[in-house]
Every structure is written in C-alpha cells, then in structure tokens.
Amino acid sequence: MNTAYRLPEEFCTDRFLVRRIRPSDGGAIFAGWAADPEVTKYLTWRPHTDLSQTEEAALRSHGEWENGATFPAVICRRDAPGELVGRIDARPVGPRVSYGWLIRRDQWGQGVASEVVHWMIEHALSHPMIYRTEAACDVMNTASARVMEKAGMTQEALLRRYLLHPNLSSEPRDAFLYSKVR
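Residues numbered from 1 in each chain as written. Predicted model: local features only at pLDDT ≥ 70, side-chain atom pairs only at ≥ 80, totals over all residues. Heavy atoms only, no water.

**A few points about the sheet that holds strand β2 (residues 16-20)**
Consideration 1: Spatially, β1-β2-β3-β4-β5-β6-β8-β7 is the arrangement adopted by the eight strands of the open sheet, whose pairing is mixed. Strands at the two margins of the open sheet, each flanked by one partner only, are β1 (10-12) and β7 (154-163). Across this sheet, the average inter-strand angle for adjacent strands is 30°, counted without regard to direction.
Consideration 2: Looking at chain direction, β7 and strand β8 (residues 173-181) are connected through six bridges and run antiparallel. What sits directly across from Leu 158, in β8, is Phe 176.
Consideration 3: Contacting β3 (71-77), β4 (80-93) and β5 (96-103), helix α1 (residues 26-34) runs over the sheet at an angle of about 85° to β4.
Consideration 4: Packing of helix α2 (residues 51-67) onto the sheet brings it into contact with β2, β3 and β4, and relative to β3 it is tilted by some 120°. (Pairing = 2+ DSSP bridges. Helix = DSSP H or I, 4+ residues; strand = E, 2+ residues; numbered from the N terminus. Axes fitted to C-alpha atoms, helices over the stretch in contact; angles between N-to-C directions. Contact = heavy atoms within 4.5 Å.)

**Notes on the pairing of β2**
Consideration 1: Counting buried residues along β2, five of its five residues qualify, which places the element largely inside the surrounding structure.
Consideration 2: Relative to β2, β1 runs antiparallel, the two sharing three bridges. Following the sheet pairing, Cys 12 is matched in β2 by Leu 17.
Consideration 3: Between the end of β1 and the start of β2, which pair antiparallel, lie three residues.
Consideration 4: Here β2 pairs with β3 via five bridges, running antiparallel. In the sheet register, Arg 19 faces β3, and the bridge partner there is Val 74. (Buried < 20%, exposed > 50% of the residue type's maximum accessible area, 1.4 Å probe, protein only.)

Quick look at the structure:
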C-alpha cells in the first residue's frame, strides 16, 4: 500500500463518535470552547470574541481536510452525537502524524482525550507508511501530558522556547514532546 495516510471522515471509539468538522458546527464550537479562556489557555490562538470568527474557522477546517494536510475533527458522545465535546487534529507529515486536541471544560477529567488520542495513534501506526506519532504540550499543561501518557506515548524531549501560546505569553514557551513509534 503506497497511499497517503488519511483519517476516516467518521469513526467510533468505545464511547465517542469522531467526525470531520462541518461548517455548520461553528455555533456549537463557539459555545463549547472557542470563546472559553480556560480551554484555550494552552492553544496557539486566542479565544474567539465573536461567533463569526468560529464560523470562519469551522469553514476553513472543513476545507483543510480535502488536501490531506490536516484532519480536523469534532468529538461527540456516541449516545449524544449532536453534542460536541471536543476537537482533535491529525497532521500527517511524511512518516509521522502529529496531534493536537481540546476538550470542552465541563468534560474535563472524563477520559475523552485519552480514549480518542489512543484510537488515533493505533490507527495511524497501523498504516504502512506511518512510523511515528507525536504531540507536544506546554510544560505547565499537565493534563495534556497525562493524556499522552495514557494514550501510550512516551516523553522524548524538553523543547526550549518551542510553542507560542498568546494567552500566556508573547514569547515562545518550553514544551514537552511525546511520541509513540513502531
């Protein structure tokens, strides 16, 4: 098989339905997390102040899927597929896939990210052209570090001045790099 890695447009884990972001998801994303300063604290973008920002982002995310450079998806509970509880992105580059995610604040601590990230890692590493999965988090983001550990990743490195989190600082911050390889 020489085909490029692609995430399925929809898949299920034990408890969650994960699907490609739709332009119509903008309102739910804005209400769920895009405007929440706690959820966006460790992200590379500032909280949205207007619904139109989120609608534009949802439209852009939907379109990014087509070229295969990134696969932005929303996470829903299987028993409530209309209720968005988070987002995850898979970004394949050559023989590796990098991940980023966020979970709605009222869903924190319920294993949402751990379950979905674990599924995505296993899916990627089952592809014959993918040998490495990875994610990075701010050194103070202990929740994301724990997600990566629960998903089977191992901390590889401390990356100095690596991530810019405008909600915390105007300068790049240190990050931990985690990976799982085959």
